[in-house]
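In case you want the letters, here they are:
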Amino acid sequence: MAFGKDVRVIVSPGGVLRGNVVYEQVEVEDSVQYAVKAPEEEPRVEPFLRVGEHVVYQPLSPSPWVLPPPPKSYGSLENLWKRVREYVYEHIDFEYDVQYDVYTAWVLASWTQERWDTAPYLWFTGPSNSGKTRCLDVLAQLVYRPLLSPSVSAASIYRALDSYHPTFLLDEFEMYEKMRELKAEVIGVLNAGYRRGQVVLRTEKVKDGTPVLKGFNCFGFKAISSIMELPEATRGRTIPFIMSRAVRKVKRLIDKEAAKEIRAMLLQYRFDKVLEPPPASNPVDLPDGRLIELYTPLIHVVPNGVEENILNYAKRGYEAVLEEERDTDEALVFLTIIDMLAEKVRVRIPQADIREKVNASLPEKEQFSKQKVGHILKRLGFKSVQGEGRLKEVIMDPKVLERRVQRYVTLEERERVAKIIHALTTLTTLTNTNYRGEAPSPSPSYPKVSANSEVSKVSEVSAVSVEESGNWMVSVKGWLVANRDERAMVSLTALYDFIKSELGLDPQKAVSKLFEEGLIAPSPEAGKAIVV
């Protein structure tokens, strides 16, 4: 259709105008038109969309993806969910029933991508003829703006994602293995397209030939199939599906007519949901930040009764990743340190002791050298200092331990390990441990004294008593019983004062000994200890 010279024509696949008008391309009798949903109005179909007197939006024709018909009522979320899930079940044989829920939720979430800050990827992997490409073919019939291509250039991906914001379906990822430069470009697109607001920067040329930088918005839902492993950074953005040959009979040909009707319902779903506000931050109960990012869009589109299934699936997948991590040298050393702290909480451990403990679990030919243990400790983030006799000691920094727990400790073990780290944190606070390996500074409760002072001499003698005699503990036990509150807690400040003024001992070393002997335990309340 011809428009006046003063009219600006914008070719667009659809979107949201003025924050409340949703429009999308639809197929109407072999033509491409718009379905338009304005506030408080029923959807209408128009060949183009006029905005004011001087702007006209025109559909992209021919469309590079399969289009839905005009929107159709789906009745309820439960009914729409059932239709999509049954269609997937008829065409794909997954190993676990919950995978149909994850797949179906991903389809629905793709139709409201504007609501999400992250776009999880699906990754279908397995041997040849295991159904990987079939998973993408089915998605191409159901998802929002499916763009399925087994082989594309990096430049075409940038422009397609930036201009159309499709659901990108990348088949046979391994074909890029021999094209290293192109593979790097595609991986860059995948890594940048996961989180909203990130762009891929590329050099473009303007008319005069001057190179300029342009940012391409590659955000959107994506699915990948491959036989080979994905790079670690890309894999961390995916929900993996391990595929195998079908053992149940499924439809050999894609039922395109049934899919067409479902797409009409999904378009109505988009009109109903896309303008809803995004969910509150971190509403999903999962043990890892990346898991929360991956599954938040899915959890917020499922009907009642499905959420728990998907959350459990996410946790099982997370445990499988942890099991892989636990097979590494870093995991072996870290978990050995945790075991040593469980035996005795201390702020420093000789590196030689860690090596001896690690090697005790290994065959002679596989045992770690001193240098290897040192390199692993550095990679884990631990710092070392010279201890007594010039032996290297590793500083047990609670912050380093906490960070590595997320990677190497199973969910079932985390509560136990958290108690160990909490005890270490309390001990380091009491002894004023400095993680840079410098000499400990004095407790803020007690002034620093010179080495020649009488108090210093008493402290030196008391330190021997703390280590060699248990007689003073009888007095402390009586004090603990007399001064504990209704929650069996005592004030550490009051305990310090009693030990110093009444017993003449070094309170820091004495309290450390009390923790070590199990007479008191760390409390979740600052400045308190639990009387055991």
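Everything below is about the structure printed above this text.
This structure is a prediction, so every number in the text was calculated from the model and none was measured. (Residues numbered from 1 in each chain as written. Predicted model: local features only at pLDDT ≥ 70, side-chain atom pairs only at ≥ 80, totals over all residues. Heavy atoms only, no water.)

## Regarding helix α1 (residues 77–91)
With 15 residues, α1 should cover 21 Å at 1.5 Å per step; its first-to-last C-alpha distance of 22 Å lies within 8% of that length. Looking at the buried positions of α1, the neighbouring elements they touch are α2 (98–110), α3 (132–142) and α7 (256–273). (Helix = DSSP H or I, 4+ residues; strand = E, 2+ residues; numbered from the N terminus. Expected span 1.5 Å × (residues − 1). Contact = heavy atoms within 4.5 Å.)

## So, the nonpolar core
Counting 92 residues, the largest nonpolar core has Phe-94, Tyr-103, Val-107, Phe-124, Leu-139 and Tyr-295 as the members making the most contacts within it. The greatest single-element share of this core, amounting to 9 residues, is contributed by α2. If we ignore the near neighbours within four places in the chain, the residues touching Tyr-295 are Ile-239, Leu-286, Ile-310, Tyr-313 and Ala-314. One finds Ile-337, Ile-354, Val-373 and Val-394 within the second-largest nonpolar core, a separate group that totals 31 residues. (Core = buried A, V, L, I, M, F, W, Y, C linked by side-chain atoms within 4.5 Å. Buried < 20%, exposed > 50% of the residue type's maximum accessible area, 1.4 Å probe, protein only.)

## A closer look at the sheet that holds strand β7 (residues 55–58)
The sheet built from 3 strands is open, its strands ordered β1-β7-β6 with mixed pairing. Since the sheet does not close on itself, it has two edges, and those belong to β1 (8–11) and β6 (49–51), each with one partner. In this sheet, adjacent strand axes meet at a mean angle of 25 degrees when their direction is disregarded. Note that β6 and β7 share 3 bridges and pair antiparallel. (Pairing = 2+ DSSP bridges. Axes fitted to C-alpha atoms, helices over the stretch in contact; angles between N-to-C directions.)

## As for the sheet that holds strand β18 (residues 489–491)
With antiparallel pairing, the 3 strands of this open sheet are ordered in space as β18-β20-β19. The open sheet has two edge strands with one neighbour each: β18 and β19 (520–522). This sheet shows a mean twist of 45 degrees between the axes of neighbouring strands, independent of strand direction. Pairing geometry for β19 and strand β20 (residues 528–531), over 3 bridges, is antiparallel. Bridge assignment links Ile-520 to a residue of β20, and that residue is Val-531. Contacts from helix α17 (residues 492–503) reach β18, β19 and β20 within the one sheet, and its direction differs from that of β18 by about 65 degrees. Helix-sheet contacts for helix α18 (residues 507–517) involve β19 and β20, and the interaxial angle to β19 is about 90 degrees.

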